[in-house]
Structures are given as C-alpha cells and as structure tokens.
Amino acid sequence: MRIRRTLPPAAAPISIEDICNGFRGMFQGEIECERFKREIKEFFQIENCFLISSGKAALTIILQALHHLHPERDEVIIPAFTCYSVPSAIIQAGLKIRLCDINPKTLDFDYNQLQLKLRTFQKKTSVSTKNGKSEQKTEKGCFSNKKLLAVLPVHLFGLPADIERLAKIIKDTDIFIVEDAAQAMGSEIQGRKLGTFGDVGFFSLGRGKVLSTVEGGIIITQKKNIANAIQKIFNSLPKYSFKNIVRLFAYSLALNILMRPLLFGLPKNIPCLRLGETIYNPDFPCRKMSAFQAGMSRGWQVKLQYFKELRKNKVIAIARLLQNISTFAYESPYAGLYNIHFPLIRYPIILKDNNDLDLLLKKSEIYGLGFASSYPDSIDSLGDVAAVQKDGEYPQAKKMAKNLLTLPVHPFVTEKDINMIGKMIFRMKPKEDKIGKVHEI
Ligand SMILES: *Cc1c(COP(=O)(O)O)cnc(C)c1O
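What counts as what
- Counting starts from 1 at the beginning of each chain's written sequence and moves along it residue by residue.
- Predicted model: local features are reported for residues with pLDDT of at least 70 only, side-chain atom pairs are reported and counted for 80 or more only, and whole-chain, interface and lining totals are derived from all residues.
- Remark: hydrogens and water are excluded; side-chain values derive from all non-hydrogen atoms of the structure.
- Planes of paired rings set the category: under 30 degrees apart is stacked, over 60 is edge-to-face and the rest tilted, where pairs are Phe, Tyr or Trp rings (Trp by its six-membered ring) whose centres lie within 6.5 Å.
- Buried residues are those whose accessible area, probed at 1.4 Å on protein chains only, stays under 20% of the maximum for their type, while exposed residues exceed 50% and partly exposed ones sit between those limits.
- Under the DSSP-based scheme used, a helix requires at least four consecutive residues in state H or I and a strand at least two consecutive residues in state E, with every element numbered from the N terminus.
- Over a ring means this: the NZ of a Lys or the CZ of an Arg is within 6 Å of the ring centre and within 35 degrees of the ring normal.
- Here a residue is considered near a molecule or strand provided that any single heavy atom belonging to it is located within 4 Å of it.
- The definition of a polar contact used here is a pair of N or O atoms within 3.5 Å, where within protein one atom must be able to donate a hydrogen and the other to accept one, and adjacent residues in sequence count solely through side-chain atom pairs.
- The protein chains shown are the only cover counted for residues, whose accessible areas, like all others here, come from Shrake-Rupley with a 1.4 Å probe.
- Paired strands, in this sense, are two strands between which DSSP finds at least two bridges.

Draft legend 1. Main features of the packing of aromatic side chains. The full count for this structure, using the stated rule, is 13 aromatic pairs. Between Phe-43 and Phe-44, the ring centres sit 4.9 Å apart and the planes meet at 70 degrees, which makes this aromatic pair edge-to-face. Accessibility expressed as a relative area gives 22% for Phe-43, which makes it partly exposed. Aromatic side chains Phe-50 and Phe-234 sit 5.8 Å apart centroid to centroid with 55 degrees between the ring planes, which places their arrangement in the tilted category. Residue Phe-50 is found in strand E1 (residues 48-52), and its partner Phe-234 is found in helix H7 (residues 224-235); the two are separated by 184 residues along the sequence. Phe-50 sits in the buried class, given a relative accessible area of 4%. The buried category is assigned to Phe-234, whose relative accessible area is 14%. Joined through ring pairs, the aromatic side chains of Phe-36, Phe-43, Phe-44, Phe-203 and Trp-300 make up one cluster. Geometry around Phe-284 places Lys-56 over its ring, the cationic atom sitting 5.7 Å from the centre. The ring of Tyr-240 carries the charged tip of Arg-287 above its face, separated from the ring centre by 5.0 Å.

Draft legend 2. Molecular detail of the site of the ligand. Around the ligand sit 14 residues, and of these Gly-55, Asp-180, Gln-183, Ser-204 and Lys-209 come closest. The separation between a nitrogen atom of the ligand and a polar side-chain atom of Asp-180 is 2.7 Å. One of the side-chain N or O atoms of Lys-209 is found 3.0 Å from an oxygen atom in the ligand. A total of 370 Å² of accessible area belongs to the ligand in isolation, and the protein chains cover 92% of it. If you list the elements that add at least two residues to the shell around the ligand, you get helix H3 (55-69), helix H4 (85-92) and strand E12 (200-204).

Draft legend 3. Just the sheet that holds strand E17 (residues 404-408), in detail. Read from one edge to the other, the open sheet built from three strands follows the order E14-E17-E15, with strand pairing classed as antiparallel. Strand pairing shows two members of the sheet lacking a second neighbour, strand E14 (346-350) and strand E15 (372-373), which therefore form its edges. Pairing geometry for E15 and E17, over two bridges, is antiparallel. Bridging across to E17, Ala-372 finds its partner in Thr-406.

Below, the structure written as structure tokens:
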C-alpha cells in the first residue's frame, strides 16, 4: 500500500498537549469539569451548562427534559436532511420525528413549508362557515400541533439557521426551540453566539467537529425550568467507567497520529475506525463527561479562536475559487444580508449533475483531497419509519443527499490543497465554460 497525503473530510486536531491535559484532568476529577463548565458559562454568557458524553447524548437529555415539562407532547420537527445523530437521539429519547423540507440555498428549514406545518393546528380547529353551516375542518395528512414538543433547527456545516425567523413563526409558546449547534461552536451572528438563540442549545466535541475531546457534548440554556429538568436527569447519569476512559485515551492517541494528512490514508482503510461514516443508531450511551475529556479541553477558547480563523480563511479562499462556478451554493441568508463568511466545518456545494458527485469523489480518492458526500439519504428513508411521521414530500432533502458535495476546510488543509481542490472542481465544467477562466485559479 502506497502512503500518500490524504486529507480527512473534517478534523479537529488533538495535540499531545491536549492528551497530557486530559491526564492531569483525571487527577483533578470533579474540579476539572467545574472549571470547563465555568469557562463555557462565561464565554457564552449563559446561566446553565451541562457536560455530557456526546452531542447525541446531550440532545437526548435535552429532549427527555423537555418531555418532562410537557408530557403530553412527544413530536419534534427536524430538517428532512440532516446529521443522522439527530433522529438517533430523538428515538432514544422515546419521541417521534416530524420532518420539514430544507431550502437548498441555506440548508436551513424551508420556512414556507414549516409555516404551513406549524399552522396545521389552527386549520384543524378553525370553524369555517360554508353555506351558513359551521364545520370542523381537518385536513388529511395534517397533525395537531398540540403534540408538538420542539422544533430543532440545525446549523449544518456551521451555516447558521435563521432562528430569529423561526421564533417569529412559532406562535405557540409551549413549543421549544432546540438549537443544534453541534457543528457551529464559537460562530456568531452580529456578535451573538450560535447556541444561545434557542430555548436550549448544544454543541458536540466529537472528532469531526469544531473542537474535539475525542467525544463530548455541551448543553447550554438560559431557561431556569429547562435547566432544572435537565439537572434531574443529569444527576442520574452514569459516569465513564475506567475501561471507557482507557478507550478514550487510546482513541485520542489514534486521532492525534492518524488524522494527520500524511497518515490519514491508513485509518481510511481500517474499517473498524468508521471514519467519515454516518450511521443511524439510536442505541448509544448517555454519560456525564469525564474529567479526562474536560482536561483535554484546557485552553479551548484560544484553540477555538485559532481554528475558527483558519477555517474562515479557507472558506473565503474556496468561495473565491468557486465564485464563477454556478454550482456554488454557499450563500446563506446572513452571508447575503451581511456579507459574512462563517468558519464552516465542511464547505457544501450543490452539484447540478449527480454523476459529477461520483466522479469527484473518485478523483478525491485518488488525489487524497478529502471530498465527501454528506448524509446518504433524507431522514424519511431511515429504518425506524414507524417513528417518522411522514406528512409530505421532501424533494430538496432527497436532492441534497444525491447532489451535495462537501469540501474540507479544517486546519490541516493547506493553500496548495485548496488550489488542487479548485482545479478538480473546475475540470467538471463543460469545455466552453472553462475557456478564459482557467487563469483565475
Ligand atoms: C455530530 C452531530 C451531532 C451529534 O454529536 P456527537 O457528539 O457526534 O454525538 C448532532 N447534530 C449534528 C448536526 C451533528 O453534526
């Protein structure tokens, strides 16, 4: 096997120093977790924070807590195209999934469709008078939103979802907004940090995210009642066993070594590491974060800032490369409105032709460029269909699963890589478009 430079699709570097800090943290125990919690509260200017074993576990606990607050409600609306961890957590929390299609320009909800879904309750109860007769109108395929517990916007790849808009269209104050900021820790809109827009938000410290402590999840909320409900569940969570800490330690070493582009070709060929694979699995542990993980986070504010700058610069460089290519689909409402670039964790582009995706993935395989398709299918096609309350079609979500390509923008990506990426995508264009533009790259 030839070893060549191979970029991972996403990566948050873990240094030897981080691992040593993890060790020190272990000896500090609870104090280390308290330190991390205090720092998060200060950074996000938030009253309540919980440290959990993963983003999925964080979401599960949030949903269980919300369900305690409103036991009669058990449905959660999520984007029909999103990370499989989201439906996995909803199922583990014992709740039901409802879907809303996405807007391909923003990868956020299709707000027109969402508005209709949120209005179904009104429709159902509204008494319309026809020929002088009153009648109760119940449309087929409509759900009573009396069952709706929460709406879950996702900042996919770090592109901000428009939560202020969402808050405006949710009229029912019993419906919570759970902000999935797993891929957007540290990003902000007009000085306000993502994760603090919803009633409750969470981050992931998993290996492909903004920052990593191998695995980990953070819940933040300003709402006292939600925090109290979460606290009750948190108190009863198990801790990491010694065996599991050893596994984390081994994994942290493996990531430190193998995520480097020169060696990434190896783990890609080791199937049990499951790198870059998106799996749906509602059976995962929910634990309190360990002091080892909290220790690994030491100095996270500086790292976060540094990684953010690096990512943002790469996003700008790729945006510049692609600006004349019409497949380009980075524009978000905020980018359009305020002309801001965000420190994405992967750079999404929508290809017009699905065949191009396969071709580019093959090319990327050969040249080690770290291209990746995103999620294999829309959420309605997942196994647990019984729990997915299908109430419509999700054509854009389906299309994204087939046509969305993501480009790496993580800290290991170099300028040379970006030029190579640009060339590779540029070659996909029909010949006549290419002429005269070659020199721009
Ligand atoms: C990764 C991710 C999660 C889950 O986080 P883990 O720490 O991997 O469990 C949830 N939502 C989104 C959008 C994610 O990308």
